[in-house]
Amino acid sequence: MKHLICLLPFWCIFLFCSCSTAEKEYYLFTSFHEPADAGLRYLYSEDGMHWDSICGTWLKPNLGAKIMRDPSIWRDRDGTFHLVWTIAWKKDRGFGYAHSKDLIHWSEEKRIPVMEHLPETYNVWAPELFYDDIKKQYMIIWSSLVPDSTSIGFSEDGKDYYRLYYVTTKDFNAFSEAKLLYDPGFSCIDGYLLKRAPDNYVMVIKDNRKPKHSNLKIAFSKNAEGPFTPASEPFTEEWSEGPCIAKVGDDYIIYYDLYRQKMYGATKTRDFIHFTNLADSIQVPAKHKHGTICKVPESIIKNLKRNQK
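Novice: When you look at the layout of surface pockets in this model, what are you seeing that I'm missing?
Specialist: In this approach a probe as big as a water molecule rolls over the atoms, and the regions it shows empty are the leftover space. If you add up the space inside the largest pocket, you get close to 820 Å³. In terms of lining, the largest pocket is formed by 26 residues, of which the most central are Trp74, Tyr192, Leu194, Ile293 and Cys294. For the lining of the largest pocket, the secondary-structure elements that each account for two or more residues are strand S1 (25-31), strand S4 (69-75), strand S8 (125-132), strand S12 (188-197), strand S15 (240-248) and strand S19 (293-297). Of the residues contributing to the lining of the largest pocket, the split by class is 15 nonpolar, 2 polar and 9 charged. Roughly 290 Å³ of volume is contained in the second largest pocket. Lining of the second largest pocket is provided by 19 residues; of these, Arg69, Asp70, Trp89, Trp125 and Glu241 occupy positions nearest its centre. For the lining of the second largest pocket, the elements supplying multiple residues, two or more each, are S4, S8 and S12. Split by residue class, the lining of the second largest pocket holds 7 nonpolar, 3 polar and 9 charged.

Set out below in C-alpha cells:
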C-alpha cells in the first residue's frame, strides 16, 4: 500500500500531461472558386459556423477538362486525406482522385474511370466520399445522366434525368463496378451520405427538376448501400445544391450552396425531420463553392497558414 501511495502522484502527473497534450481540432471545409480552373481551396473554423479562408490554392487540376469542382475530402484513421472531385462538365466518364498527409503535398492526380461500361453516360458529377465502417471500404457516390433503357424515370422535357451511382474500394486502386444507388423517380444530383448510428443512414439529395424544385430533400436507409426511402419534402429554399454536413455538439449543420444568390445557406437538425434555418448565424467567405467538411488537428491548420500564398 505504501508503494501504491507513492506511485499515485506519478500517475496523476502522467494523466494530466496526457490530457493537456491532446491536440485541439478544427473544422476544415474544401472549396473551389468559379471558373473552377485554379484548384483546391480551404476554409477553417473553430466552431463549425464561422469560417475563414486559408489563402491560396493547394492542388491544381490536370485531369479531364482541367477543372476541379465539388472537392470531397475524407481523413482516414492513419491521417491520410483522400480527395475526389469533378473533372469535366460533360463527355467524361470519370472523376479525379489524389491523397495527402498534410493537405499541402499531394500525390499524382489519378482519373478513376467509373462509367466506361455505360458508353451513353453524359457526365460524372460531384463525387462524394463515404467510409463504410461495417464493410471496411470506401463508397464514392456521384450523379450521372445516362439516357439509356435503364432509366425508369420521367422529366418534363424528356431529358436531364440524373440518378445517383456508386463504386466501392478499399485502397483507391481497385474499384467495384458502378451500381445504381438511388433513383427517387425524379432527376436528382449531389448525394451526400451520413451514418448517424447502426442501421441509421441519412442521404441528402438535390431535387434537380427545374424551375419549380432545385431544393434539398432527405432519404433514409438501414444500410449504406440502400435501399433508401422515398425522398422527403424539401427542407431548403429553391436554387439550393451541394449539401454537406458538420456535426457540432448534438446538432448536425447542413451547409448548402445558394447558387443563384451566390452565398451559402445552412440549417441545423438533430433528427433530419425538424430543421432550423441558420442563415443569420453562419459566416462563410464569398466565392466559396460546393465542398465537404472534416475535422483536422490544429497542427495541420497552423502548417497550412504558414504556407499560405
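Having seen the model, we can carry on.
Novice: Can you walk me through the pairing of S4 in this structure?
Specialist: Here S4 lies mainly inside the structure; 5 of its 7 residues are buried. In the sheet, S4 pairs with strand S5 (residues 81-86) via 5 bridges, with the strands oriented antiparallel. In the strand pairing of S5, Trp74 is matched with His82. Hairpin connection between S4 and S5: a loop of 5 residues separates the two successive antiparallel strands, and Gly79 in this loop has a positive phi of roughly 90°.

Novice: What is the right way to read the environment of Glu25 from this model?
Specialist: Within the element layout of this structure, Glu25 appears in strand S1. On the accessibility criterion, Glu25 (40% relative accessible area) is partly exposed. Residues Glu25 and Ser299 lie 274 residues apart in sequence; the distance between their C-alpha atoms is 8.7 Å. Not counting residues within four places of it along the chain, the set of residues in contact with Glu25 comprises Lys295, Val296, Pro297 and Glu298.

Novice: Help me understand the pattern of salt bridges in this model?
Specialist: Two side chains bearing opposite charge may form a pair once their charged atoms approach each other closely. Here the structure, examined in full by the defined rule, presents 14 salt bridges. Between Lys289 and Asp257 there is a salt bridge, with its nearest N and O atoms 2.8 Å apart. Taken together, the positions of Lys289 in the loop between strand S18 (276-277) and S19 and Asp257 in strand S16 (residues 251-258) put the pair 32 residues apart, joining distant regions of the chain. The same class applies to Lys289 and to Asp257, which are both buried. One salt bridge connects Glu298 with Lys302, and the closest N-O pair in it is separated by 3.8 Å. With Glu298 and Lys302 both in helix H2 (residues 298-306), this residue pair falls 4 residues apart, about one helical turn. Judged by relative accessible area, which is 44%, Lys302 ranks as partly exposed. Residues participating in the shared-partner salt-bridge network are Asp92, Arg93, Arg111 and Glu116.

Novice: How should I be thinking about the sheet that holds S12 in this particular structure?
Specialist: Two modes of strand pairing occur in sheets, parallel and antiparallel, and in both the strands are linked by backbone hydrogen bonds. What the 3 strands build is an open sheet, ordered S12-S13-S14; its pairing is antiparallel. Single-partner strands in this sheet number two, and they are S12 and strand S14 (215-221). Here the average twist between neighbouring strands, direction ignored, is 25°. In this sheet, S14 lies alongside strand S13 (residues 200-207) in antiparallel orientation, the contact comprising 7 bridges. The residue bridging Val204 from the neighbouring strand is Ile218, located in S14.

Novice: Explain the packing of aromatic side chains here, please?
Specialist: Each aromatic ring pair is summarised here by two numbers: the centre-to-centre distance and the angle between the ring planes. With the rule as written, the count across this model stands at 22 aromatic pairs. With centroids separated by 6.4 Å and ring planes inclined at 65°, the aromatic side chains of Tyr27 and Trp51 adopt a geometry described as edge-to-face. Of this pair, Tyr27 sits in strand S1 while Trp51 sits in the loop between strand S2 (41-45) and strand S3 (52-54), and the two are 24 residues apart along the sequence. Comparing Tyr27 with Trp51, the two get one shared label, buried. Ring plane angle 50° and centroid distance 6.4 Å describe the contact between Tyr255 and Tyr264, whose orientation is recorded as tilted. Assessed through its relative accessible area of 0%, Tyr255 is described here as buried. Joined through ring pairs, the aromatic side chains of Tyr27, Phe29, Trp51, Tyr255 and Tyr264 make up one cluster. Taking NZ or CZ as reference, Lys217 lies 4.8 Å from the ring centre of Phe186, over its face.

The rules behind each value
- Residues numbered from 1 in each chain as written.
- Predicted model: local features only at pLDDT ≥ 70, side-chain atom pairs only at ≥ 80, totals over all residues.
- Heavy atoms only, no water.
- 1 Å grid on protein atoms, 1.4 Å probe; cavity = no way out; pocket = protein on both sides within 12 Å on 5 of 7 lines; lining within 4 Å.
- Points joined across faces, edges and corners; volume = space filled by probe spheres on them.
- Helix = DSSP H or I, 4+ residues; strand = E, 2+ residues; numbered from the N terminus.
- Nonpolar A, V, L, I, M, F, W, Y, C, P; charged D, E, K, R; others polar.
- Buried < 20%, exposed > 50% of the residue type's maximum accessible area, 1.4 Å probe, protein only.
- Pairing = 2+ DSSP bridges.
- Contact = heavy atoms within 4.5 Å.
- Salt bridge = Lys/Arg side-chain N within 4 Å of Asp/Glu carboxyl O.
- Axes fitted to C-alpha atoms, helices over the stretch in contact; angles between N-to-C directions.
- Phe/Tyr/Trp six-rings, centres within 6.5 Å; stacked < 30°, edge-to-face > 60°.
- Lys NZ or Arg CZ within 6 Å of the ring centre and 35° of its normal.

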